[in-house]
Amino acid sequence: MRIAVLSGKGGTGKTFVSVNLSCTAEKAVYVDCDVEEPNGHLFLKPARIAGTPVTVMVPAVDMNKCTGCRKCVDFCKYNALALVTGKLLIFHEVCHSCGGCVLFCPTKAIAEKERRIGTIEEGRSGGVTVLTGCLDTGEVSGVPIIKGLMKKLPREGNIVIDCPPGSACIVMESIKDADYCVLVAEPTLFGVHNLGMVYELVKLFNKPFGVVLNKCLDEENPAEKFCFENNIMILCRIPFDNELGTLNSNAEIAVNKDKKYRDMFSSLLKTVLREVQHETTTNP
Amino acid sequence: MKQLLILSGKGGTGKTTIASAFIKLADAKAYADCDVDAPNLHLITGWSVEPEKTDYYGLQKAEINQELCTQCDQCRQNCRFDAISIDEKYKVDPFACEGCGVCEYVCPVEAITMKPAVAGELMLYSDEEKVFSTAQLKMGSGTSGMLVTEVKKQMKSATVDAELAIIDGSPGIGCPVIASLSGVDMVLIVAEPSISGISDMERIINTAAKFGTKTAVCINKYDTNIENTEKIEEFCKKQGLPFIARIPFDSNAVKAINNGQTIVDIDCTSGVAAKEVYQNTMNLLFEKGGG
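Residues numbered from 1 in each chain as written. Chains lettered and ligands numbered in written order. Predicted model: local features only at pLDDT ≥ 70, side-chain atom pairs only at ≥ 80, totals over all residues.

Participant: Quick rundown of helix H7 (residues 189-204) of chain A? Include the residues and the values.
Facilitator: Residue and element names in this part refer to chain A. The end-to-end C-alpha separation of H7 is 23 Å, in line with the 22 Å expected for 16 residues at 1.5 Å each. Listing the buried residues of H7 in full gives Phe190, Gly191, Val192, Asn194, Leu195, Met197, Val198, Tyr199, Leu201 and Val202. Downstream of H7 by one or two residues, Asn206 has phi in the positive range, about 60°. (Helix = DSSP H or I, 4+ residues; strand = E, 2+ residues; numbered from the N terminus. Expected span 1.5 Å × (residues − 1). Buried ≥ 20, exposed ≤ 12 C-beta atoms within 10 Å, placed from the backbone.)

Participant: Explain the packing of helix H6 (residues 195-210) of chain B against helix H7 (residues 226-239) of chain B residue by residue, including any values.
Facilitator: Each packed pair of helices is defined by two parameters, the angle between the axes and the distance between the axes. Residue and element names in this part refer to chain B. Packing of H6 against H7 leaves a shortest axis separation of 10 Å and a crossing angle of 15°. With respect to H7, the axis of H6 lies roughly parallel. The interaxial crossing formed by H6 with H7 has right-handed handedness. Each of Ile195, Ile198 and Met201 in H6 lies in contact with H7, whose residues at this interface are Asn228, Lys231 and Ile232. Looking at the contact of H6 with H7 residue by residue, the classes come out as four nonpolar, one polar and one charged. (Axes fitted to C-alpha atoms, helices over the stretch in contact; angles between N-to-C directions. Parallel < 35°, antiparallel > 145°, perpendicular 65-115°, else oblique. Left-handed = near helix turned anticlockwise from the far one by under 90°. Contact = placed C-beta atoms within 7 Å. Nonpolar A, V, L, I, M, F, W, Y, C, P; charged D, E, K, R; others polar.)

Participant: Quick rundown of the domain arrangement of chain A? Include the residues and the values.
Facilitator: According to the domain assignment, chain A contains domain 1 (2-28 + 157-282) and domain 2 (58-116). One C-alpha centre belongs to domain 1 of chain A, the other to domain 2 of chain A; they are set 44 Å apart. (Domains from an automatic or database assignment.)

Participant: For unusual backbone geometry, give the residues involved together with the corresponding values.
Facilitator: The phi dihedral of Arg70 of chain A is positive, around 70°, even though this residue is not glycine. As for its placement among the helices and strands, Arg70 of chain A is situated in the loop between strand E3 (47-61) and helix H3 (71-75). A positive phi is found at Glu110 of chain B, a non-glycine position, where the angle reads about 55°. Topologically, Glu110 of chain B is positioned in the loop between helix H3 (102-106) and strand E7 (112-115).

Participant: Lay out the interface of chain B and chain A with the relevant residues and their values.
Facilitator: If you look at the interface, chain B gives 50 residues, while chain A gives 48 residues. When contributions to the side of chain B that touches chain A are tallied by element, the ones reaching two or more residues are H3, helix H4 (144-158), helix H5 (175-181), H6 and helix H8 (251-258) of chain B. Per-element accounting of the side of chain B that touches chain A gives the leading share, eight residues, to H6 of chain B. The class makeup of the residues in the side of chain B that touches chain A is 17 nonpolar, 26 polar and seven charged.

Participant: Give a detailed account of the packing of H7 of chain A against helix H8 (residues 222-229) of chain A, specifying residues and quantitative values.
Facilitator: Residues and elements named next belong to chain A. Between H7 and H8, the least distance of the axes is 8 Å, while the angle of their chain directions is 30°. Here H8 runs roughly parallel to H7, going by the angle between their axes. Between H7 and H8, the residues in contact are Leu189, Gly191, Val192, Leu195 and Gly196 and Pro222, Ala223 and Phe226, respectively. For the contact of H7 with H8, a count of residues per class yields six nonpolar, two polar and no charged.

Structure below.
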């Protein structure tokens, strides 16, 4: 089963929930899709790490064959090619690797070469397999790394996908193959606004989902109100507590430190599993 | 006009909280929200007028004319984004399509055309005194960097005379962040004293350094982990980065935000610290020889 954890807003506790869920489930795979700022590995501290570079294909021109016809320059929708004083310049950072320029060059002057944009690291942390995608600084798009991570996932078993913030293309890529989405919300005006956005996203993709209310205080919780108004299932309420805050800021795993947190996440996992089972029997 | 960009790497460290406090303290004539993926600044800047809205067109999307399609499969074979699939008919997944136009080009019977597609909405709030530019990216869309560039362009072209522009950025280090960095005079990083926060801060500092932007750091909720706060200050010292100030954790900050107020609108400890952060940032931004 694949559980995607997302939130819209940053800092609501996606990594906290994902890491602790992974450590609660048996033989889980934790996947960090927040490739711009991956943090799960800081908590899980995986050992025996094997890293592989992630590359994309970019054009490389053979100037002996290039006639300066501009066909590639005119074709490229991303302005990744320019002809300056008869010389073809290629701007790798903006290239989307569509392959158009290679396909249409009348003199076959353009070939493709690999260019590194980041890495995927695989390691073990206790019973948990840890997959981390990491975008190199200065690079623009993490989508190819997320696609690479998805290809590495086993077909069976409990998989927890820690998603990037927002609701743009990289989040969509991360939840595409998920069986269930856990939305983590904090009780602030900002938190609710961004919860509304990911709520629309999971509905658009027809994913079953529920909400974890994080950092709950005694006061009125605007995120809870949003759930009531929209008839959204609340999976669990995690209290705002200093102990949890300190554990988290020191990148420690709460369920391994205290039984009360383990019980909390066991019950969250059970609820999620039950929901997914319910989904598969009603919507096979 | 000096442009100050607020970034953090990690989400939820307090970018928008600080940005809104600065806007209030500076009585800013120009400001923008470049977190087009999850914008929040409009929630607490107190505009009662309706914004002027403009559709934002991202990359085009392919469309297949079924009457002309001969099902030759050329489009599907050549699409690098797996955006074309077949069940009975050939169809384009608009979320996967990146508008490259390869399918249109390879189609032997001209059954495919590239069509403009709305990928978000630009919003401009303005009155006689000030301008606020923001946008919302459509769900699941790409090209957020292009929209960020449009938000900044919109702010600049609507601004008549402003000494200072305050720009709230997005989390991460990828395309929207890189687009927001271009042309700004200084970046203020709002760091959080957690192991995750430190790792993310280092990555955003490296990214800003690649573009040669002047960068300073402040710490929010510093007292939630003093040891990590000291690590951040030590890091700044080693890197030669100006350290602006510390802001304490303050439960009144959440209360202010939930009431649609900034932290300098009410009497609270984080608000007092924000004033110091603001003053030190302005001194650095407007210092002689500082660009």
